[in-house]
Structures are given as structure tokens and as C-alpha cells.
Amino acid sequence: MTELPTTTTRKMGLVIDLDTCVGCHACVISCKGWNTENYGAPLSDQDAYGADPVGTFLNRVHSFEVQPVASPTQPNPAAQLIHFPKSCLHCEDAPCVTVCPTGASYKRVEDGIVLVNESDCIGCGLCAWSCPYGARELDLAAGVMKKCTLCVDRIYNENLPEVDRVPSCVRTCPAGARHFGDLGDPDSAVSQLVVERGGMDLMPEMGTKPVNKYLPPRPKDTLEDQVDILAPLLAPAIEDPGGFLGWLDKALDKLPGGNA
Amino acid sequence: MHPAPSVILFTTLSGLGFGLLAFLGLGYPGVTGWVAFVFYAIAYGLAVGGLLASTFHLGRPERALKAFGQWRTSWLSREGICAVAALLVMGLYAIGAVFFENHWPVLGMIGAGLSLGTVFTTSMIYTQLKTIPRWNMPLTPVMFLSFSLAGGALLAGQESLATWLLLTAAAIQLAYWWQGDKAFAASGTTMASATGLGGAGATLRAFEPPHTGSNYLLREFVHVVGRKHAQKLRAIALVIGFILPVLLLVLPVESTLVKHLMAALAVVAHMGGVAVSRWLFFAQAEHVVGLYYGKR
Ligand code: SF4
Ligand code: SF4
Ligand code: SF4
């Protein structure tokens, strides 16, 4: 079972847009919710309300800071904060599958999804050791390996309305930063998006050939010298106003605390 | 990597046990009867004890038997099969030596090969992991095998051979550390390749981890506690694991009792040194996933 299929009919996966992700962690929560209530062992927490809470998550959002180098066009470039969601990348050459001694880990021929058969898993953890992306976590309560299932129990689920037949994280993302589709089909919307935006692989040197792609953040716009666009409107039109406005100004100054 | 006592015990003890079995299988020493019984009891105690210790780090130890199925791709599976085969073949060989005063050389050679094969397959479980550059080097299996042979010779009472094997193992250990210290940089994996962010010249740093608390990944893969003592521990491992045993072996002594005591001491010191080296093997191993957390 742990021999990888040489090809898969489709390559279902996610395209994650680092430009639009706002780092709200909604996908983290919806993933945890869906995958606790549905397929497989629930994603447990330990010491959830105590001093040292830990828990199993299939999707986590990191944040990185990039300080671009100064250039003639941008002498003082602003630092960028990039939110970075990370879940299983459903690699074509998945090391987590081949290292598994029990055959619990496998990659499906029909859609390329990498899954764990929890009733065969002995919890040796070797697959998590072999994953460069930290996409697998051993559940401390169940003693078995948990990982993103690409919401396999949603995407083909005829009991759900069609609009919901996408991964929970994709459905939830308020910024539309997660896209789901067949990356093996060059005409699919996700493949087009990858071409358009220069989608990239994480750690290509690891040779895992991830199916999931990341869209790089766009360069940030230059900041104008005048940052506060409302300020000119608020500047006093006349330095020493007379008439009604002058009277109002003075009257207001006299009120307690009203010191211009 | 988290230096779990179960894996340190496992690799230290079973390495020694299978090393001794390999020597016994080749007829060094060619003992029979009660003496043979004692030798085999020690070898099996170490090898089986180590294997049992390794099951303690499983999340579901009761399913351990399932681990034999995937020998076509999994080194862990291959190790399990090799270990069981070695123990069975050497068991038959031991029966010959203990009860029939007889050595069956072909069986012994097969058993010795399987015993060393077990050590090799164990080392390949670590060596295969590209995610841990310090392990992903040809020197890793060389080191495991050299330790196992040196310890095996020591336990088998092959004094002059043990001296040379201990010195060789020490040299390999030094080479492993020297190369290992450069492995992460040489792997080419950086925070920039992990995230695809940064680009030419830009500074990239981990700003915020996904959660304020710890998690399985950090506990298992980002072990930094005690690394600052690494140089001291390396010196300790080298001295008590190899230099002291060699000295104890080559010091000329008259009485056989003293000689036996010194040999026993050499064995204990060697085991301690190997355990320290194994602790470092895990504690110093940096997993690339740490890059996502700005840690190593
Ligand atoms: S991201 Fe990790 S867990 Fe997912 S397929 Fe790739 S190696 Fe396996
Ligand atoms: S933890 Fe489970 S799925 Fe992972 S390698 Fe071990 S047996 Fe296979
Ligand atoms: S596809 Fe499903 S399991 Fe995977 S990260 Fe998204 S919500 Fe979680």
C-alpha cells in the first residue's frame, strides 16, 4: 500500500494566496471543527483551559515579516507581514507514504489525496519525521497520526449542498485566499491561477513535488509622502476667523477643557 | 529532534546485542555449553530489550505487529523483519552451540549477516530522512555499523580486534560530527526556500508562530534544550565510549580476575559513551520544519 502510484488520475489540491490571506485563522478553526466532528479520530486538545494548552491541528497559520531591500524606486520600502497558512500539500512524491511501515499512509490513485487509515496506524511517528512541512501531527489522545484529508468527506459528499462540496477551510476563508481544484488539469481554474500569479512550491529541493501551490504576495505599493489624506480638509481655512465662526471658536475655547 | 529515552535505549542496546550476535555467529568466541548459554543470554537480552524499548514510543504499541507489512518501501518494516529473522536464525545456531556442542557454520554466517543487516536497516530509518540533514548522510549507517562491531567485539572478548574496531569507530564518530555540523547549511534548505518569501536581499523572519502554546511538531522536532553542552558531551562520549575502553584493554595486567574486571568496566564505559553519543545524535539533529517557526 505504501508504494506510491506512478501517476494519479487527478491531482486535487489547494492553491493558497499569500497576497490575500489576512491571517484571521478562520480556516484553522473550521478545519478543526469539521475534522473533529467527522471522519476519523477527533482532533484532541490537552490541558485546553490550563496553563500549557496543546492540541492537534491539521492546518496552522504562521506569520512572516519580509523587509525588502531599498531600490531607487523604493528607497524606504515598508516591511510586509505575510500570513502563511500551512496544511498537507498532498505531495506527488510523498515521503510520508513510503516510510510508513504498516501501509496506514497511502496516496489515492483517483485523486492524489494522501490519507491515513487510522485503524492500521501504530503511531510510530515516522511519517511526521519525513514530512518537511510539519503537516502531520500525532494525536495524543488517539495515539494515531492525523493529517489534512483535503476534506475527502465533504468534496464528494452528496448529502451536502453543492456549494459546500469543497474543503471546509476553503468554504470558510473570508478573504478567498484558499482555492480548491484539480491541479493536474491545466485548464482548471486553480491551474490557471497558478500560471497567472506565478504559483510556487515550498522547499522544492526536498523533491516531494507538492500538489498544493502558493501564490506569492504582490509587491507592496509605494507609500505617498502625505499619508493622511483627510488632513488638508481639516486645516483651518482662515488663521483668525471673524464673524460667527470667530465667535463660536472663542466660545468653545471658554468651555471647561475646551482649549484649542 | 526530541531525544526520547526509548529510542536512545533501543539503538544503543540493540546495536550492541546484534553486534555480539554477529561475532557469535562467526564463531568468535566458538563457545559451547554453559559458557555459550551466558553469551547468548547477554546478546538476546540486549537485542530484545532494545527492540522492546523501541515499542514504547509508539502511539499504539498493541498494533506493533502490523509494522512488518511494507518491506518494499519502508526501512522500519525492513528492520522489523531483519531483526526477527536474525533472532530466529541465531536462536537455532545457539541451540546447536548450547545443547549439541556443535556449530553450524552456514547458519551462523547467515545469522551474523542478518544481525548486521538489522543494525544497517535501523540506521537507514534515520539516514533516509531528507528532512533531517544531519542524519541524511552516508556516514550515518557507517557510524551505526562501526559502533555495533566495536561493541560486539568488546562483548565477545575479542580484545585485539576490539581495540582496533573501537579506534576506527571513534574516528568515524569524529568524521560524523565534523560533517554533520555542516549538513544543514549544505542541504540548501532555508526559511526562504521553505516559504518562497524574501527574494533577493530581503530580510525574512518568523514574526508569529501559529499558536501561543507549543505543539507536537515543536516537541518532537525542535529540541534545543541541552544543545549548548554539546561540545562537552562529545568529549565525554569519545573518552568514556572509546578511549577508556581501549586503555582498559591494552593495559598489561597479570591476574585474570583483574583482567576480567577491567574488561567488564570497558563494556560499561563503552555502553555509557554510546548512549551519550546517541543522545547527541537525536538532540543535535535539526528538522527543517523548525524553519517555519524560526527555530532549529
Ligand atoms: S505535505 Fe507532508 S504529509 Fe502531506 S503529502 Fe507532503 S510529505 Fe506527506
Ligand atoms: S505513524 Fe502511523 S501512518 Fe505514520 S508511519 Fe507510523 S504507522 Fe504509518
Ligand atoms: S482541506 Fe480540510 S482537512 Fe485540509 S486543511 Fe482544509 S479544512 Fe483542514
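Attention here is on the structure that accompanies the text. What you see is a predicted model, and the numbers here were worked out from it, not measured in a lab. (Residues numbered from 1 in each chain as written. Chains lettered and ligands numbered in written order. Predicted model: local features only at pLDDT ≥ 70, side-chain atom pairs only at ≥ 80, totals over all residues. Heavy atoms only, no water.)

1. With respect to the pattern of salt bridges
All names here are of chain A.
Reasoning step 1: With the rule as written, the count across this model stands at 17 salt bridges over all chains.
Reasoning step 2: With its nearest N and O atoms 2.7 Å apart, the salt bridge here joins Asp45 to Lys32. Here Lys32 lies in helix H1 (residues 26–37) and Asp45 lies in strand E2 (residues 45–46), a separation of 13 residues in the sequence.
Reasoning step 3: Three or more residues joined by partner-sharing salt bridges are found here, namely Arg108, Glu110 and Asp111. (Salt bridge = Lys/Arg side-chain N within 4 Å of Asp/Glu carboxyl O. Helix = DSSP H or I, 4+ residues; strand = E, 2+ residues; numbered from the N terminus.)

2. Examining the environment of Leu87 of chain B
Residue and element names in this part refer to chain B.
Reasoning step 1: Summarising the element assignment, Leu87 is placed in helix H3 (residues 75–99).
Reasoning step 2: Leu87 gets classed as buried once you look at its relative accessible area, which sits at 16%.
Reasoning step 3: Sequence spacing of Leu87 and Gly45 is 42 residues, and the spatial spacing of their C-alpha atoms is 11 Å.
Reasoning step 4: Apart from the residues within four sequence positions on either side, Leu87 is in contact with Phe18, Leu21, Tyr44, Ala47, Val48 and Leu51. (Buried < 20%, exposed > 50% of the residue type's maximum accessible area, 1.4 Å probe, protein only. Contact = heavy atoms within 4.5 Å.)

3. Topic: the environment of Ala275 of chain B
Residue and element names in this part refer to chain B.
Reasoning step 1: With respect to the helices and strands, Ala275 occurs in helix H10 (residues 256–283).
Reasoning step 2: Judged by relative accessible area, Ala275 falls into the partly exposed class, the value being 27%.
Reasoning step 3: With 258 residues separating them in the primary sequence, Ala275 and Gly17 have C-alpha atoms 14 Å apart.
Reasoning step 4: If we ignore the near neighbours within four places in the chain, the residues touching Ala275 are Ile8 and Thr12.

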